[in-house]
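Notes for the structure review
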Amino acid sequence: MNVQKWLEDIRTSPVKKPMPILSFPSIQLLGCTVNELVMDSALQAKGMKAVADRVDSCASVSMMDLSVEAEAFGAQARITDDEVPTIVGHIVETQEEADALQVPAVGAGRTGIYVEAIRQAVGLITDRPVLAGVIGPFSLAGRLMGVSDAMIYCYDDPDMVHTVLKKATAFLIEYIKAYKAVGASGVLMAEPLAGLLPPAMNDEFSIPYVKEIREAVEDDSFLFGYHNCGDAVPRQMESLAELKLSVYHMGNATPMKVALENLPADSLVMGNIDPAGQFCNGTPDSIREATRTLLEECSSYPNFVISSGCDIPPASRWDNIDAFFQETADFYQK
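Below or above, wherever it landed, is the structure these notes cover. Remember, it's a predicted structure, so these values are computed and weren't measured experimentally.

Bringing the overall build of the protein into the picture now. Helix and strand counts for the protein come out as 17 helices and nine strands. Taken against the 2.2 N^0.38 rule, which gives 20 Å for 334 residues, the C-alpha radius of gyration of the protein at 19 Å falls within 12% of a compact globule. Taken over the C-alpha atoms alone, the protein extends approximately 60 × 40 × 35 Å along its principal axes. Burial analysis of the protein (334 residues in total) assigns 56% to the buried set. A total of about 12,700 Å² of accessible surface is found on the protein, and carbon and sulfur atoms cover 49% of it. Measuring between centres, the 25 positive side-chain charges of the protein sit 7 Å from its 46 negative side-chain charges.

Here you go:
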């Protein structure tokens, strides 16, 4: 697929299909648990296909499981039946441990399962791009050093942080290339931990590594998208804009008009209906209202695509998800 043409077609179309990060609620369509889903390539691909058959999205997005890459490095993942997996503890707290950290081969841990899931999904979903979800470099480094500790290390031991970041970046480049090799149309990189950094620290500890990864993988057939849902993102707009990315996906901590007014007009800017407050805990009426309000505010921007603010939780109600898509279709039909 020529993803640059796909991007241009979306920008120029008067009707925009949504692109929420919608994957984990597939457990309800498949009748399986989160634990079963994250351990099985075929289930993941079937889940993506089931979602694609149910909703008219502009792309199919795989699971935003931010434990996979850290687990490949040797971190411990907590996986349950009904929650998105998380990393517990840390494996790096000294420069010596950072120096000794081994960059895993693609296929370590569950990364092979996830790459194979995309290979199968590409064969099942042929009417829209298939995008793989990956973690960002600082968010990965934070899971290896401990999320709270990583923020402190940026002040107290920046050399150690950069050592871990370089290894995280090396792995992510190869991991994304593996997705590219099996037919993915692109990746959506989630860098939420960097979204908590002050702008100057984001410029040091995230932006250069995101840029390095993007330059290593993106071309006309492979899209590089960036997601951030951190509270500090509105103050990071200048640096994010300078990246000139194809897709920016904003969390609901960032007002969409702020993003649209500051990010490049030729980039798609997506967001940002509250995943927990609306998709999971709202009602069909409340999500319709939130969707309509956001569309009324932002649809005049030709590069705006409505989406969820982050990964939609596994237990989110499908009547809420359906209401979001129906309200969007009704809005553009008018």
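That covers the picture; the talk isn't over yet.
Turning our attention to the packing of aromatic side chains. Counted by the stated rule, this structure contains seven aromatic pairs. Ring centres of Phe171 and Tyr175 lie 5.4 Å apart, and the angle between their planes is 20°; this geometry places the pair in the stacked category. Of this pair, Phe171 and Tyr175 both sit in helix α10 (residues 158–181), four residues apart, which is roughly one turn of the helix. Grouping residues by exposure puts Phe171 and Tyr175 together as buried.

The next thing to look at is the sheet that holds strand β8 (residues 268–273). In space, the seven strands of this open sheet follow the order β1-β4-β5-β6-β7-β8-β9, with parallel pairing throughout. Pairing within the sheet leaves two strands with one partner each, and these edge strands are β1 (60–61) and β9 (304–308). Bridge analysis of strand β7 (residues 247–250) against β8 gives three bridges, and the strand direction is parallel. Bridged to Tyr248 within β8 is Val269. Docked against the sheet, helix α12 (residues 207–217) engages β5 (186–190) and β6 (223–228), running at close to 155° with respect to β6.

Of all six residues that make up β8, six are buried, and the element is covered over most of its length. Running through helix α14 (residues 256–262), the crossover from β7 to the neighbouring parallel element β8 is right-handed. Sheet analysis places β8 next to β9, joined by five bridges and oriented parallel. When the sheet's bridge partners are listed, Val269 is paired in β9 with Phe304.

With 14 residues, helix α4 (residues 41–54) ought to run about 20 Å at 1.5 Å a step, and its terminal C-alpha atoms sit 20 Å apart, in line with that. Buried residues of α4: Ser41, Gln44, Ala45, Gly47, Met48, Val51 and Ala52, and no others. For α4, the buried positions fall inside an angular range of 160° around the axis, keeping them on one side. Of the surrounding secondary structure, the elements contacted by the buried residues of α4 are α2 (26–30), α3 (34–38), β1, α7 (111–124), β4 (130–135) and α17 (318–333). The N-cap residue of α4 is Asp40: its side-chain oxygen and the backbone nitrogen of Ala42 are 2.9 Å apart.

This paragraph deals with a negative patch on the surface. Side chains of Glu36, Asp40, Asp81, Asp82 and Glu83 sit close together on the surface and give a patch of like negative charge. Mapped onto the elements, Glu36 comes out in helix α3.

With that settled, consider the nonpolar core. Burial of nonpolar side chains together is a common tendency in soluble globular proteins. One finds Met19, Phe138, Met145, Tyr179, Met250 and Leu263 to be the most contacted residues of the largest nonpolar core, which totals 116 residues. Here this core gets 12 residues from one element, more than from any other, and that element is α10. Apart from residues no more than four positions distant in its own chain, Met145 is found in contact with His90, Val92, Ala150, Tyr153, Met160, Val161 and Val164.

In this fold, Gln236 is placed in the loop between β6 and α13 (237–243). Polar side-chain contacts of Gln236 include one of 3.5 Å to the side chain of Asn202. Among all residues touching Gln236, those that are not within four sequence positions of it are Ala194, Gly195, Leu197, Pro199, Asn202 and Asn228.

With that settled, consider unusual backbone geometry. Residue Asn272 is bonded to the preceding Gly271 through a cis peptide linkage, with omega at -20°. You can see Asn272 is positioned in strand β8. Look at Lys244: it is not a glycine, yet its phi comes out positive at around 50°. Here Lys244 lies in the loop between α13 and β7. For Lys244, a relative accessible area of 58% gives the class exposed.

Scoring rules and cut-offs
Residues numbered from 1 in each chain as written. Predicted model: local features only at pLDDT ≥ 70, side-chain atom pairs only at ≥ 80, totals over all residues. Heavy atoms only, no water. Helix = DSSP H or I, 4+ residues; strand = E, 2+ residues; numbered from the N terminus. Rg over C-alpha atoms; globule rule 2.2 N^0.38 Å. Buried < 20%, exposed > 50% of the residue type's maximum accessible area, 1.4 Å probe, protein only. Areas by Shrake-Rupley, 256 points an atom, 1.4 Å probe, with all protein chains shown as cover. Lys, Arg positive; Asp, Glu negative; His and termini not counted. Charge placed at Lys NZ, Arg CZ, Asp CG, Glu CD. Phe/Tyr/Trp six-rings, centres within 6.5 Å; stacked < 30°, edge-to-face > 60°. Pairing = 2+ DSSP bridges. Contact = heavy atoms within 4.5 Å. Axes fitted to C-alpha atoms, helices over the stretch in contact; angles between N-to-C directions. Right-handed = clockwise from strand over helix to strand, strands pointing away. Expected span 1.5 Å × (residues − 1). Arc of directions from axis to C-beta. Polar contact = N/O pair within 3.5 Å; in protein donor to acceptor, adjacent residues only side chain to side chain. Patch = residues over 30% accessible without salt bridge, like charges linked within 9 Å, V, L, I, M, F, W, Y side chains within 5 Å. Salt bridge = Lys/Arg side-chain N within 4 Å of Asp/Glu carboxyl O. Core = buried A, V, L, I, M, F, W, Y, C linked by side-chain atoms within 4.5 Å.

What is shown is where atoms sit, not what they do.
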